Every structure is written in structure tokens, then in C-alpha cells.
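Close look at the chain arrangement
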Amino acid sequence: MSNTTRSSVANLLVEGIKLNFGTGYDRYDKTFLKIFDYVKSEKETEQYQELAGFGVHSEKQEGATAALQGIAQSYKTYIENKAYSLRYNVSHELLSDNRYPQALQEALDLGFSAANTMEVVAIDRLNTAFSTDSADVLADGVAMCSASHPSVGGGTQSNLAGTAAALSETSLTAAITGIAGFEDPRGNKIQAKGQLLIVPKDTDVTAQKLLFSTLTVGSANNDLNPFGRSNGRIPDGYISSSHISDTNAFFIRTNVRGLVFQEREKPRIMEDFKNAQMTKEMVSYLRFGRGCYDFRSIYGNSGA
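Residues numbered from 1 in each chain as written. Predicted model: local features only at pLDDT ≥ 70, side-chain atom pairs only at ≥ 80, totals over all residues. Heavy atoms only, no water.

**Topic: the overall build of the protein**
Put simply, the rule reads: A run of H or I in DSSP becomes a helix once it reaches four residues, and a run of E becomes a strand once it reaches two; helices and strands are each numbered from the N terminus. Note on classification: 1.4 Å probe, protein chains only; a residue is buried when its accessible area is under 20% of the maximum for its type, exposed when over 50%, partly exposed between these limits. When checking whether two residues touch, look at their non-hydrogen atoms; a contact exists if any pair is within 4.5 Å. Reported accessibility uses the Shrake-Rupley method at a 1.4 Å probe radius. Residues are deemed covered only where the shown protein chains occlude them.
Scanning the protein from terminus to terminus reveals 6 helices and 12 strands. For the protein, the residues scored as buried account for 38% of the 304 residues in total. Long-range contacts, defined as pairs at least 24 residues apart, comprise 75% of the intrachain contacts of the protein with a sequence gap of at least 6. As presented, the protein carries roughly 16,800 Å² of accessible surface, and 50% of it is formed by carbon and sulfur atoms.

This is the structure we're talking about:
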């Protein structure tokens, strides 16, 4: 796109505008920071190494030698920090003749664009959670949410709903039960629990009903709602995101670390004035990476 000049926003040069709108939509929480583990990165690419520790002790007979067991390396995940940038040039004449400086300042707000970029890129990892494309699979070779995560100790594990279904008490119960069965690489139960329900905007109301009703949702029976906030099964409640593309899918963030947003360089805005063109140039730059190094950190249902 060419420079931003007076002709680009001619209406800002005359009196009479009651309200300028269409920019500055940054008055919302940064949802991804509630979903992802924040990590400060110091390198171009960070490595996350899974280790398989010890299994359970075996019974030892009197005088016998204790069973021998060693630790082992498991899957290694690399998360690369990628650079994102945007710039604009605005003419000196526009800056001088503009009658609505606040409106122009909001329209040229690179800070909002940078924050929105982090949100879109981070949440998009959930949109590819069921993808088996090479760019989307985890270090173990399967999708982030899959029924066949292999373990060093043998066998497979699942963080994917066995039956794709819309969000309901039944599908939520199945998810919590599945999470409770998570094991470490050696097959030890790890006491995994659901922490946060993540839904698209389309099921925001359903999520609220499920987590905030005292009694069973949509029932005339006087049954206890097992997911009501007072019962604590999903203690952090829920988050809805307009960036989740599948209107029926939902996810549960667990108490296991592993879904990570790593920040290499915070957003910064640099300013320069080009004398030959009499234009002001603004450049925004940031660098970060996001990914998943432990599938146990997330549980997914692809929806009906």
C-alpha cells in the first residue's frame, strides 16, 4: 500500500464529524495469556525435552537384588521464535492539516495490531489441534489432540474425545474422565485435572450454563450440577474466543504445563522521519513462538 496521505483520509481534514469509529478495538482481555504458559525466550529456537522417569517399585524378596531401572529420553520439541512486523508512512501534510488527532492516532495504532497478531497466531494453534499435517503434528508424530500418542514405556495415550460431540454435560464428563487417566511416559498416573474450558464464541452461553448453574442444566430434576463452580471440577471457569474457527469444537486446558507461548522480543515501535519525502515512518516489530511440547496440557473434542 502507498503512503497514507491527505487523500487517504480526506474527511479528517474538515469539521463536522460526530464520531470516528472502526479502530481501537483493543479493549478486551488477551485471551491467549490465560490459555498458554508464558515463557521468556533467550534464543532463536527453544528446546523442550521429555524425560521418562521411573515406574513403580517392584516387590523385593528378602536377600534378593533390587530391580534395576533407568531413566530415558523421550520426545524432543523445538519451538521457533518468528518475527512479525508492520509499518506505515504518513505524510507531513496530513499530520499538519488533520483536525481529529485522536482519531488519527487510534487509526495508526500499531500497538493494537501487534497485540491482535499475538492473539490470532496463538489461538490458531487450537484451530490446528486435530490436524495431521507435518507442520502441525507434535514431536511424537501425531496431532496435538490425538487418540494415539505413543509412550516410551509402551502403548498409546489419548487427549482426544472418543466421540466427537457438541459441548454438553455428557461430553464434558467424558473429557474430565479422559484427563484423569493421563499417564507419564512410564505409565504412572499423574493426577491430571481440567483447569479451564475453552470454547468458540458460538457456545459461550452453553459454557456459562454448564459451569455456573447450581443444578443440572436443562433438566427439571433436582440433580446437582457436577461442573458448577462450587464443585471445582474446572476451577478456572471458561474462556470463549472469536478466533476459534470450528463452532462446535471445545478444549480443556489441564494443570499440566506444555502449551506454551514464548516471547523472544516484546513488541516495540520505532519512528523515523524521511526528509526527502516529508513522511513519518512507523515500524512495529515483535518476535515470539507458540506450540505444544506436552499433549497432556490440552484435551480436545472436535465437535459434532
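**Some points on the confidence of the model for the protein**
Detailed conclusions should not be drawn from predicted coordinates in areas where pLDDT is low. Rules: One confidence number per residue, pLDDT, is output by the predictor and ranges from 0 to 100.
Per-residue pLDDT for the protein averages 83, and the proportion of residues at 70 or more is 81%. Looking over the protein, one finds the lowest element-wise mean pLDDT in helix 3 (residues 101-107), namely 56, and the highest in strand 12 (residues 298-301), namely 98. With pLDDT under 50 throughout, residues 11-28 is counted as low confidence; its partners more than four residues away or in other chains account for 31 contacts.

**Here we look at the environment of S245**
Assignment of secondary structure puts S245 in the loop between strand 8 (238-241) and strand 9 (250-254). When the C-alpha positions of S245 and L126 are compared, they lie 9.0 Å apart, and in sequence the two are 119 residues distant.

**Concerning the sheet that holds strand 1 (residues 37-40)**
The strands making up a sheet associate through hydrogen bonds between their backbones, and the pairing can be parallel or antiparallel. The criterion, for reference: Strands were regarded as paired on the criterion that DSSP finds at least two bridges between them. An axis is simply a line fitted to the C-alpha atoms; with a helix, the fit covers only the stretch in contact. Between two such axes, the angle follows the N-to-C directions and lies from 0 to 180 degrees.
The 4 strands are arranged 1-10-11-4 in an open sheet whose pairing can be described as mixed. Both outer strands of the open sheet, strand 1 and strand 4 (82-91), are each paired with one neighbouring strand and no more. Going from strand to strand, the sheet's axes swing by 30° on average, the running direction of each strand aside. Bridge count between strand 10 (residues 259-274) and strand 11 (residues 279-292): 13 bridges; the pairing is antiparallel. Residue pairing across strands places E263 opposite F288, the latter belonging to strand 11. In the packing of helix 4 (residues 110-127) onto the sheet, contacts are made with strand 4, strand 10 and strand 11, and the angle to strand 11 comes to roughly 20°.

**Remarks on the sheet that holds strand 12**
Strands sit in the order 8-7-9-12 across an open sheet of 4 strands; the sheet is mixed. Sheet topology places strand 8 and strand 12 at the edges, where each strand pairs with a single neighbour. If you compare each strand with its neighbour and ignore which way they point, the axes differ by 20° on average. Sheet strands touched by helix 5 (residues 169-180): strand 7 (194-200), strand 9 and strand 12. Its angle to strand 9, the strand with the most contacts, is close to 35°. Together, strand 7 and strand 8 form the strand contacts of helix 6 (residues 204-212), whose direction differs from that of strand 8 by roughly 180°.

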